[in-house]
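Okay, here's what each chain looks like letter by letter:
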Amino acid sequence: MAKKNSNKTIWLLAALVSVAMVLYWLAPGGEKPRSPQQPQAQTQEKFKTEKSGATTAADFTETAWKVHSLVDEAFVTGKAKIKAQQEQKREVPRQGVEGTIRWHARQTLITIPAGSSTDKFKDLMVKTLSQTGQVLGSAPDQYQGANVLRFDVGFRDRLEGDPVTMITDRIYVAKEQAVPERKSQAAGGESGKLAIVLDDFGYNYDPIDALAAIDRPLTFAILPYHPFSQIAASKALASNHQVMLHLPMEPMSTTEQQEKTAITVGMSDSEIQQIVTSALQNIPGLIGVNNHQGSKATADKRVMRNVLTVLKTKNLFFIDSRTNGQSVAAQTAREMNIPTSENELFLDNNNDVEAIKQQLRTAGHIALRDGTALVIGHARPNTAIALREMIPELEADGVRLIFASDLVK
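Here the residue numbering is sequential within each chain, running from 1 through the sequence in written order. Side-chain atom pairs in this predicted model are given and counted only at pLDDT of 80 or more, local residue features only at pLDDT of at least 70, and totals for whole chains, interfaces and linings cover all residues. Just so you know, side-chain values use all the structure's heavy atoms and leave hydrogens and water out.

## Quick look at the environment of Asp152
Thinking step 1. In DSSP terms, a helix is any run of H or I states spanning at least four residues, a strand is any run of E spanning at least two, and both are numbered starting from the N terminus. Along the polypeptide, Asp152 turns up in strand β6 (residues 146–159).
Thinking step 2. Buried, partly exposed and exposed residues are distinguished by accessible area as a fraction of the type maximum, computed with a 1.4 Å probe on protein chains only: under 20%, between the cut-offs, and over 50%, respectively. Overall, the relative accessible area of 9% leaves Asp152 in the buried class.
Thinking step 3. Only heavy atoms enter the contact rule, under which two residues are in contact if any of them lie within 4.5 Å. If we skip the residues at most four places from it in the chain, Asp152 touches Gln134, Val135, Leu136, Gly137, Ile167, Asp169 and Arg170.
Thinking step 4. Side chain to side chain, Asp152 and Arg150 meet in a polar contact 3.1 Å long. Between N or O atoms, a polar contact is any pair within 3.5 Å; within protein, one atom must be a potential hydrogen donor and the other a potential acceptor, and residues adjacent in sequence are included only when both atoms are from side chains.

What follows is the structure, given as structure tokens:
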């Protein structure tokens, strides 16, 4: 009798175990329940999807700009100086399916203080980028014949299950040459002078009054032959700002919309000189010139010699906007004894007011560190807002705004 009861007990336990296993595997949703220590991973897509017919574009541009912002923050913290920067909107076809992948990319040459370590700078980059991006790799490289260390910065994501790696910033790092400590250059405690050039006046009216009303030295770079070119020059001069010609020149990228009057590398010497002469006559009161676009033209010495030949006869200076790290514009100007300077930072590639303000802080940092700095922004309402709000902060830090002509030499 005892043996019979024992068999019943065994069968009952087996049945209960079977039921428990079924419930375990058939939990709500038909999935195995997860323990509290293993929550389901959540992924946040880093791209926006745009559909056009049967084609789908995955746009990573917004995430790329977040990475750019963090990279710029690391530059400031690491006391890095931007020597050259190129930007590009990238778009490539997807593999195996209809559609494209888009993002924004930059290539930047920087120098770090002579006593700094590239390993420490890499650690700083890793720490700063931890919010959004990462250092994808580093390797010795060359930039214009100089030995540098290259960092590839970006982020990784998955696109419909396939892994993708986006390089948003390619950074070339060199060390500054050790120099004696610079003494404060200005009286009254001021130690940094900052020249701000504002490009692209002429397209529209909106930003003219707002920028002309700023009661500090600013330099307006005005495109020729546009509906609001003349009024921009008139209001700038009436407000005691300086006026330059923003000379259209051929870009490297075929995706950039080129001005009809742009200087191109295919033009003859006489054609280049005639176009420069006509453009100078279109803008009243100008004292200098800088290039609009021009990443291809400014890298061509013959083209630059012809442009600068005209400027020399008019006693005008030239500022290299540095849209291409291979530019020979400033070097050629110096060889021809034409006063020149170079852009050190673009202020408003990101049109967000807070992002522009952060770039202005970076510009102020450069001016305080080096004594002087020349940077470029654009004729936009948000740039006017950021500049107006930042002037008190810059001046409180010891930065004084000056004209571009005060820095050419």
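## With respect to helix α6 (residues 269–282)
Thinking step 1. With 14 residues, α6 ought to run about 20 Å at 1.5 Å a step, and its terminal C-alpha atoms sit 21 Å apart, in line with that.
Thinking step 2. All of the buried residues along α6 are Ile272, Val276, Ala279, Leu280 and Asn282. The arc enclosing the buried residues of α6, seen along the axis, measures out at 155 degrees, which places them on a common side. Opposite the packed face of α6, turned more than 90 degrees from it, sit the exposed residues Ser270 and Gln281.
Thinking step 3. Contacts made by the buried residues of α6 are with α5 (229–238), β10 (242–249), β11 (288–293) and α7 (301–313). Residue count minus one, scaled by 1.5 Å, sets the expected span of a helix. The arc refers to the directions leading from the helix axis to the C-beta atoms.

## Regarding the packing of aromatic side chains
Thinking step 1. Ring pairs shown here join Phe, Tyr and Trp side chains whose ring centres sit within 6.5 Å, with only the six-membered ring taken for Trp; geometry is labelled stacked below 30 degrees between planes, edge-to-face above 60, and tilted in between. According to the stated counting rule, one finds 4 aromatic pairs in the structure shown.
Thinking step 2. Here Phe201 and Phe220 contribute two aromatic rings whose centre-to-centre distance is 4.2 Å and whose plane-to-plane angle is 5 degrees, an arrangement assigned as stacked. Linking Phe201 in strand β8 (residues 192–201) with Phe220 in strand β9 (residues 219–222), this pair joins segments that are 19 residues apart in sequence. Phe220 carries the same exposure label as Phe201, and that label is buried.

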